[in-house]
Amino acid sequence: MTTLVIGARGSVGRHVLDQLVEAGEPVRASARNPASADLPPGVPVVAADLTRPETLAAALDGVRQVFLYVTSRGMADFADAARAAGVEHVVLLSSGSVLLPYAQANAISLAHRAAERMLAAAGLRWTPIRPLVFASNALTWSYSIRKEGVARLLHPDAVTAPIHERDIAQVAVAALTGQRSQAGGLSDLLTGEESLSQRRQVELIGEAAGRSIRIEELTEAQALDDFERFGSREAAAAVVEFITAATEGGSPATDTVRQVLGRPPLPFARWAADHAAAFV
């Protein structure tokens, strides 16, 4: 049963691809430009772009499962193309924000719930994977840490439970390979098990990178401008809302990884060690 990994160059998608290859599963990867994809040897790479629906039919030909991210454009076209191609199962990297009552009206939650509704309306069998805080979000601090030895944070003592992208991928692979049913917790809120302040996360990065890192606290207005570098103003406001809520327990830690994979999630210190070079 061939699985198409859309977004195979992404931080989670690449781990999904590698883990499927390691498990001996038939797999295909998509990239906007296959010539520059730099993916494992022997993996078929097809040209596909969710914003160009004319590329989807060929990419999905012979595919029975798909892993993909939520995107701002192209989800409805993908759902139509997947149904027409006879795709049997879609694993969607969604967002844990759809499960947080206080976040229902923010831009990130709205976008992910809209994508989930599109797949459901298409009549496809689908499984959402819903991580809340990616450990890799800390890479947004990497430039200022490398250049100035400074991490600029909104609410440094806000507590979250970041999850390693490798664990997110392994939960997605469990869904793709049928290791667990959706009822078994695959779509539950997905986090690490350690609740850590942002301040402590920076300390762990400093220990891994072998350097001292100073923290400068941002106001909410400054943080809104800073986060807008990575997306829309509305998405930046959603991040501010989330971090502010995390100062009062709004970012829980769950045991979903342990339930699905039968082991504890990788600790943030492991993530920091794996990515130390980004901060040097």
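Rules used in this analysis
Residues numbered from 1 in each chain as written. Predicted model: local features only at pLDDT ≥ 70, side-chain atom pairs only at ≥ 80, totals over all residues. Heavy atoms only, no water. Helix = DSSP H or I, 4+ residues; strand = E, 2+ residues; numbered from the N terminus. Expected span 1.5 Å × (residues − 1). Buried < 20%, exposed > 50% of the residue type's maximum accessible area, 1.4 Å probe, protein only. Contact = heavy atoms within 4.5 Å. Pairing = 2+ DSSP bridges. Axes fitted to C-alpha atoms, helices over the stretch in contact; angles between N-to-C directions. Salt bridge = Lys/Arg side-chain N within 4 Å of Asp/Glu carboxyl O. Right-handed = clockwise from strand over helix to strand, strands pointing away.

Participant: Help me get a handle on helix α1 (residues 11-22), residues and values and all.
Facilitator: For an α-helix, the turn length of 3.6 residues means that residues three or four places apart are oriented alike. Helix length check: α1 (twelve residues) gives 17 Å between terminal C-alpha atoms against 16 Å at 1.5 Å per residue, within 8%. Buried within α1 we find Val12, Gly13, His15, Val16, Leu17, Gln19 and Leu20. Tucked into the core, α1 has its buried residues touching β1 (3-6), β2 (27-31), β4 (65-69), β5 (89-93) and α6 (165-176). The first or second residue beyond α1 is Gly24, which carries a positive phi of 80°.

Participant: Tell me about the environment of Ile129, and name the residues and values.
Facilitator: On the secondary structure map, Ile129 appears in strand β6 (residues 126-131). Taking relative accessible area as the criterion, Ile129 reaches 0% and is therefore assigned buried. As a C-alpha pair, Ile129 and Val260 span 131 residues in sequence and 11 Å in three-dimensional space.

Participant: Go over the sheet that holds strand β9 (residues 189-190) with me, naming the residues and quoting the values.
Facilitator: Ordered in space as β3-β2-β1-β4-β5-β6-β9, the seven strands form an open sheet in which the pairing is parallel. The open sheet has two edge strands with one neighbour each: β3 (45-47) and β9. Across five bridges, β4 lies against β5 in parallel orientation. By the bridge assignment, Tyr69 is partnered in β5 with Leu93. Across the sheet, α1 touches β1, β2, β4 and β5, and the angle it forms with β4 is around 155°. Along the sheet face, α6 touches β1, β4, β5, β6 and β9 and points at about 165° away from the line of β6.

Participant: Got a sec to walk through the pattern of salt bridges? Specific residues and values, please.
Facilitator: Overall, the coordinates contain 19 salt bridges when judged by the stated rule. Between Arg130 and Glu116 there is a salt bridge; the shortest N-O distance is 2.8 Å. Here the residue Arg130 occupies a position in strand β6, and Glu116 occupies one in helix α4 (residues 107-121), the gap between them amounting to 14 residues. A relative accessible area of 13% places Arg130 in the buried class. A salt bridge links Glu193 to Arg258, with the nearest nitrogen and oxygen atoms 2.8 Å apart. Residue Glu193 is located in the loop between β9 and β10 (196-197), and its partner Arg258 is located in helix α10 (residues 256-261); the two are separated by 65 residues in the primary sequence.

Participant: Outline the pairing of β4, listing residues and values.
Facilitator: Of all five residues in β4, four are buried, a share of seventy percent or more. Handedness of the β4-helix α3 (residues 75-85)-β5 crossover: right-handed.

Functional significance is not addressed by these values, which are geometric in nature.
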